Amino acid sequence: MIDNPYYTDAVHQDFELISIGRLELEEGGVIPDVKLAVRTWGTLNEAKDNAILIPTWYSGTHQIWADAYVGEGHALDPSRYFIVSVNQIGGGLSTSPHNTDDESISMSRFPKVRIGDDVVAQERLLREHFGIETLALVVGGSMGAQQTYEWAVRFPAKVLRAAPIAGTAKNTPHDFLFTETLNEQIWSDPGWNGGEYASHEEVADGLVRQAHLWATMGLSTEFWKQEKWAALGFDSREAFLTQFLEPYFAAMDPNALLATAWKWQRGDVSRHTGGDLAAALGRITAKTFVMPISEDMFFPVRDCAAEQALVPGSELRVIDDVHGHLGLFGVDPGFIPQVDAALTDLLATPVAAGDRSEQVASV
């Protein structure tokens, strides 16, 4: 076990660790006792029908949702909804390579976890710990969007509304290759030592190089051309890199990034239908708003729109933001109002709970 101050409640606030027990994984491995890091807002009503689930993205936790998306005056309003954010397995706060005290799965021995494993764990948590059977909304960005699609395909009768933001149901070859370049920055650092480093600081060079790749693909060409870093309080492009992006990634655990990158690369709901994406997305009964970001180079609008066309009764709601994929951090003043407007419309859309007996629970 490695102590890393980044993964503490001093940085990521107001979460609790909840055990869901043994989890058998799609790839054949096992995590004997999964502990999920969970943040909640609001109160679950007596009918238990006001629950909203927020899965997290690569490198991110519940904290960005707390900082930018959740609160009174937002669509995700704790005075109206019981909101649950569950941090990814392997992502640093939930059971992860560096924080488990189980030597059989620590560090380089951590098993391969898929998007589907996260969703199975989340469903168990919601049902067994909170007594929640139906979700008014599942909403997530990037890898959270991958989990949102997985929820809507795997458990259609449990998801009344879905909002995948800046993410796809099936990862693209280009995205797979880019993610591999992120991994290579860590693997190529001698300090990584095959995943058996003593501190994340031993892999500092690799983490900094990864930050530079995020600068080129996570932020759009327009972000750099328009010098949007100035509006964020930086006096130069270099200052933005060295004072924001580099420290952000340098604080993280390398194996946590690798674990989540592996599942990001393999996100694909069509595995439930023999590779037929149209058939998989055709299972979705949730009212769905697909919400790409206009300048996103990871998950461009054309990719998201092509999938949206396969989701029955869905709508495409493009978020305009020159920040690109990292617009998800809500730094542009116009970003969150667009998200709030779309989610408000979605939550106001009447939907039927459906027949739970028809849910696909074991695909």
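One can find the structure itself at the top, above this paragraph.
Just so we're clear, the structure is a prediction, and the values are computed from it rather than from any experiment.

**Quick look at the pairing of strand β4 (residues 82-86)**
When you tally the buried positions in β4, you get five out of five residues, the bulk of the element. Neither face of β4 is open: one carries F82, V84 and V86, the other I83 and S85, and all of them are buried. In this structure, strand β2 (residues 30-41) lies alongside β4, joined through four bridges in antiparallel fashion. Its bridge partner being in β4, R39 is matched across the sheet by S85. Traced from strand β3 (residues 51-55) through helix α1 (residues 62-69) to β4, the parallel crossover comes out right-handed.

**Considerations on the environment of W192**
For W192, the position within the fold is in the loop between α4 (173-187) and α5 (204-217). The exposure class of W192 is buried, given its relative accessible area of 16%. In sequence terms W192 and G206 are 14 residues apart; their C-alpha atoms lie 8.4 Å from each other. Discounting chain neighbours no more than four positions away, the residues touching W192 are I186, W187, Y197, V203, P254, N255 and L258.

**Observations concerning unusual backbone geometry**
One non-glycine residue, D14, adopts positive backbone phi at about 60°. In this fold, D14 is placed in the segment before β1 (16-24). Classification of D14 as exposed rests on a relative accessible area of 55%. Of note, K48 is a non-glycine position whose phi angle comes to about 55°, a positive value. Assignment of secondary structure puts K48 in the loop between β2 and β3. Looking at K48, the relative accessible area reads 34%, which means it is partly exposed.

**A short note on the side chain of E246**
Mapped onto the elements, E246 comes out in helix α7 (residues 237-250). Buried and unpaired, E246 has R237 as its nearest opposite-charge partner, separated by 11 Å. Residues in contact with E246, not counting those within four places in the same chain, are V208, A211, H212 and L241.

Here is what the cut-offs are and how they apply
Residues numbered from 1 in each chain as written. Predicted model: local features only at pLDDT ≥ 70, side-chain atom pairs only at ≥ 80, totals over all residues. Heavy atoms only, no water. Buried < 20%, exposed > 50% of the residue type's maximum accessible area, 1.4 Å probe, protein only. Helix = DSSP H or I, 4+ residues; strand = E, 2+ residues; numbered from the N terminus. Pairing = 2+ DSSP bridges. Right-handed = clockwise from strand over helix to strand, strands pointing away. Contact = heavy atoms within 4.5 Å. Lys, Arg positive; Asp, Glu negative; His and termini not counted. Salt bridge = Lys/Arg side-chain N within 4 Å of Asp/Glu carboxyl O.

On their own, these measurements won't tell you what the molecule is for.
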